[in-house]
Amino acid sequence: MLLVVEDDERISQPLIQLLRHEGFEVVHVSCGLDAIRATQTQLPDLVLVDLTLPDIDGLEVCRIIRQQSPTLPIVMLTARNQEVDVVVGLAAGADDYVTKPFRVGELVARVRARLRQAATVEASQKAQGDHTAGVRVDSTSRRAWLDGMEIALSPKEFDLLAYLTAHAGATLRREQIMQHVWDEHWWGSTRTLDTHVAALRRKLGDTTNPPRFITTIRSVGLRFEQS
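Attention here is on the structure that accompanies the text. Note that the coordinates shown come from a computational prediction; the quantities given were computed from them, not determined experimentally.

1. Quick notes on the sheet that holds strand β10 (residues 214-217)
Okay, step 1: Strand order in the open sheet formed by three strands is β9-β11-β10, and the pairing between neighbours is antiparallel. What marks the edges here is a single partner per strand, and that holds for β9 (171-173) and β10. Each adjacent strand pair in this sheet contributes to an overall mean axis angle of 30°, direction not counted.
Okay, step 2: Note: β10 against strand β11 (residues 221-224), four bridges, orientation antiparallel. Its bridge partner lying in β11, Thr 216 is registered against Leu 222.
Okay, step 3: Helix-sheet contacts for helix α7 (residues 174-181) involve β9 and β11, and the interaxial angle to β9 is about 75°.
Okay, step 4: Its contacts with the sheet put helix α8 (residues 191-204) on β10 and β11, and the angle it makes with β10 is roughly 145°.

Here it is, written out as structure tokens:
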């Protein structure tokens, strides 16, 4: 289902008809606050949002939606075509943009492309969640879940977990982990790694023997256990 956020009926009505003709289910709202609510209640697969809205700016709508739904595709509809406007919109959380007046074929192609990309990401995340024994990591939004419950991680804890899960089943040398997660020119003690591993284990409830997730390989490094 697509959520169309557009207050100008001269644009919204033909756009809705076009999208429905292409086989999409469409929900339409005409202001930013309604758009934010609709993303939570209607659970759209993609949002088409105009940057000029009667209540709050479309850029702010993008920011709020992106905070609430990190993986929801957002396509901007804008009459502004200067590079700076596009950059600001993408920085606000939009995935793509279409400049008015838009060509029908281009708009539909961009929508379908973003939906395909979102489906690919979802499938990848599901596969990753399956092979990392209850831990799922989304590097795009920098969020992590344990058995479906989101866990709060510090930036370095997240980087460490993301690196370990990306190499699940492989034994990683301590120096290799330090160079990747901290600094490629790192040298010296690995005590900071021990501190972060201990904190990560506490947050994962990984205190059993043998551990469920992070195994220490004596004199070598760490291994994230596959399911």
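What follows picks up the thread again.
2. A look at the side chain of Arg 66
Okay, step 1: By the element assignment, Arg 66 lies in helix α3 (residues 58-68).
Okay, step 2: Not counting chain neighbours up to four residues away, the residues in contact with Arg 66 comprise Thr 71, Leu 72, Ile 74, Ala 92, Gly 93 and Asp 95.

3. Quick word on the nonpolar core
Okay, step 1: Counting residues in each nonpolar core, the largest one holds 24 residues, and the members touching the most others are Ile 177 and Ile 214.
Okay, step 2: Elements with a contribution of two residues or more to this core: β6 (135-138), β7 (143-146), α6 (155-166), α7, α8 and β11.
Okay, step 3: Apart from the residues within four sequence positions on either side, Ile 214 is in contact with Leu 164, Val 197, Leu 200, Arg 201, Leu 204, Asp 206, Leu 222, Arg 223 and Phe 224.
Okay, step 4: Val 29, Ile 36, Leu 53 and Cys 62 belong to the second-largest nonpolar core, a separate cluster that totals 21 residues.

4. Some remarks on unusual backbone geometry
Okay, step 1: Of the consecutive residues Lys 100 and Pro 101, the connecting peptide bond is found in the cis state with omega at -10°.
Okay, step 2: Mapped onto the secondary structure, Pro 101 falls in the loop between β5 (96-99) and α5 (104-131).
Okay, step 3: Although it is not a glycine, Asp 147 adopts a positive phi angle of roughly 50°.
Okay, step 4: Within the secondary structure, Asp 147 is located in the loop between β7 and β8 (149-151).
Okay, step 5: With relative accessibility at 48%, the residue Asp 147 sits in the partly exposed group.
Okay, step 6: At Ser 219, a residue that is not glycine, the phi angle is positive and equals roughly 65°.
Okay, step 7: Given a relative accessible area of 74%, Ser 219 falls into the exposed group.

Calculation notes
- Residues numbered from 1 in each chain as written.
- Predicted model: local features only at pLDDT ≥ 70, side-chain atom pairs only at ≥ 80, totals over all residues.
- Heavy atoms only, no water.
- Pairing = 2+ DSSP bridges.
- Helix = DSSP H or I, 4+ residues; strand = E, 2+ residues; numbered from the N terminus.
- Axes fitted to C-alpha atoms, helices over the stretch in contact; angles between N-to-C directions.
- Contact = heavy atoms within 4.5 Å.
- Core = buried A, V, L, I, M, F, W, Y, C linked by side-chain atoms within 4.5 Å.
- Buried < 20%, exposed > 50% of the residue type's maximum accessible area, 1.4 Å probe, protein only.

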